[in-house]
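# Structure at a glance
This is what each chain is made of:
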Amino acid sequence: VRILVPAMTMVMTMLSRRVAPVWSASLRYLPPLAPLTPLGPKLGSSRSLATSDHHEQHQATSSSLDFDKARKRVERLVSRYRRLVERANEGDNGDGTVHEEIGRLHPVVSCYERLEALRVERGSASGIAADPDEDDEMRALAREESESLGREIDELEFEVVRGVLPQEDEGTKEILLEVRAGTGGEEAALFASDLLQMYQRLSQRRGWRFQVLSAEESEHGGFREAVAEVSGPDCYNRMRYESGIHRVQRVPKTETGGRVHTSASSVAVMPQATQVELNVPESDLRVETYRSGGAGGQHVNTTDSAVRVTHVPTGISVAIQDDRSQHKNRAKALKILLARLREEETRRRDAALAEKRRSQIGSGDRSERIRTYNFQQGRVTDHRCGLTLHSLDQVLAGGEELEEFYERLDRMRVLEFLETDDDGEE
């Protein structure tokens, strides 16, 4: 009985662990994307994509996660959660804020409780594996179970530490995405269009709302500059890593000699901001109206529908003429302006903290080269984490391969936080 009961329990546990991922994978399955209305040139319309499903991963320059460094933060969060639950049970809802905070903390606490339970299970399995009185088959099963639990514990430790990281914009559900053609002229504009379509497809797969607010087209159908609004759960957490310089190496469709050119486009991901939140008085804003230029129909060119909004103290200005309505153009311009003001404020804050905590995964500044897309070799390399994927078409289609970069960068962010956090005290 002493041998049989633990053996049966362990076998059932192992079987349940092997069956569960099949169900979770089926729940995560997403059907193929429906065709999208092109924002510009079709992906690969004048270029062959040398792709392969195989991807080569360069080991990130980081050590394993030391959970003890974050233990104080985790324990404070769990204590806070339990106090809030007690208040809620006593009928104290604090104008709705108590239940709201419980909902925000619950996923982290749930992960932590699961982590503690798995540590107990692993201790039991390790004890059986090291028991000389057990038979060889039983000890082998226990070792296998202990290793499996160890991998799951590592993942849960990462999720818990990520959950206690201080992040000002962590819960942001609305962002402005700005894509600009950089070095490379018309080819850079075509690549900017490819990037914008990549984000559109990522948004569709994720179920986010994606709307282009303004766009300046180039001669061959690319974009010199485009701004889109993206909203949905976790959109900032996922897309924050897109800020920076994206470089492309390929033969442009305008190239007759078959030579590979290197071009670049910049991307900025800016959390949405409000005028009240930034404390921007109306007196700091200068609004000008004028007639739209270029093609746009008789009404657009003969009325003062174009709007330019300038933040006088900083000189930051945004002009919009896409819509026939002056009011709609003003609203769009103000939305973009406020996002840029918030980005500028974040840059100043980050610069002040740079000496105390220098980020290993990049500042998110649009002057920083973050990724290279090589069409000839069908590969994409993220220079911050050293990860190379040989699945260029899947990345440009906004597939799950694109989010592999986010997962690696997330891990680097957590490890960097643990290295620079003094002792977990706030």
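Please refer to the structure placed before this passage.
Scope of this entry: the structure provided in the associated data block. Because the structure is a prediction, the values reported are computed rather than measured.

## Concerning the pattern of salt bridges
Close approach of charged atoms lets side chains of opposite charge pair. Tallying each qualifying case throughout the model produces 28 salt bridges. For Arg114, the salt bridge identified is with Glu152, shortest N-O distance 3.5 Å. On the criterion of sequence distance, the pair formed by Arg114 in helix H3 (residues 97–129) and Glu152 in helix H4 (residues 136–164) is long-range, its members being 38 residues apart. The exposure class of Arg114 is partly exposed, given its relative accessible area of 34%.

## Quick look at the nonpolar core
Counting residues in hydrophobic clusters, the biggest one holds 37 residues, and the most contacted among them are Leu177, Tyr199 and Tyr373. Of all the elements, helix H5 (residues 186–206) adds the most residues to this core, at 7 residues. Once residues lying within four places of it in the same chain are set aside, the contact partners of Tyr373 are Phe191, Leu195, Met198, His246, Arg247, Val248, Gln249, Arg379, Val380, Leu392, Val395 and Leu396. Phe67, Val74, Val109 and Leu118 belong to the second largest nonpolar core, which has 29 residues in total.

## A short note on the sheet that holds strand E7 (residues 306–311)
The 3 strands are arranged E6-E7-E8 in an open sheet whose pairing can be described as antiparallel. Since the sheet does not close on itself, it has two edges, and those belong to strand E6 (285–290) and strand E8 (316–320), each with one partner. For this sheet the average axis-to-axis angle between neighbouring strands, irrespective of direction, equals 15 degrees. When E6 meets E7, the two strands line up antiparallel, connected through 6 bridges. Paired with Val287 across the strands is Val309, a residue of E7.

## A look at the packing of helix H2 (residues 71–89) against H4
Relative to each other, H2 and H4 sit at 75 degrees, their axes nearing to 10 Å. Looking at the two axes, H2 sits roughly perpendicular to H4. Listed contacts from H4 to Arg73, Val74 and Leu77 of H2 are Val160, Gly163 and Val164. Taken together, the residues of the contact of H2 with H4 break down into 4 nonpolar, 1 polar and 1 charged.

Rules and cut-offs
- Residues numbered from 1 in each chain as written.
- Predicted model: local features only at pLDDT ≥ 70, side-chain atom pairs only at ≥ 80, totals over all residues.
- Heavy atoms only, no water.
- Salt bridge = Lys/Arg side-chain N within 4 Å of Asp/Glu carboxyl O.
- Helix = DSSP H or I, 4+ residues; strand = E, 2+ residues; numbered from the N terminus.
- Buried < 20%, exposed > 50% of the residue type's maximum accessible area, 1.4 Å probe, protein only.
- Core = buried A, V, L, I, M, F, W, Y, C linked by side-chain atoms within 4.5 Å.
- Contact = heavy atoms within 4.5 Å.
- Pairing = 2+ DSSP bridges.
- Axes fitted to C-alpha atoms, helices over the stretch in contact; angles between N-to-C directions.
- Parallel < 35°, antiparallel > 145°, perpendicular 65-115°, else oblique.
- Nonpolar A, V, L, I, M, F, W, Y, C, P; charged D, E, K, R; others polar.

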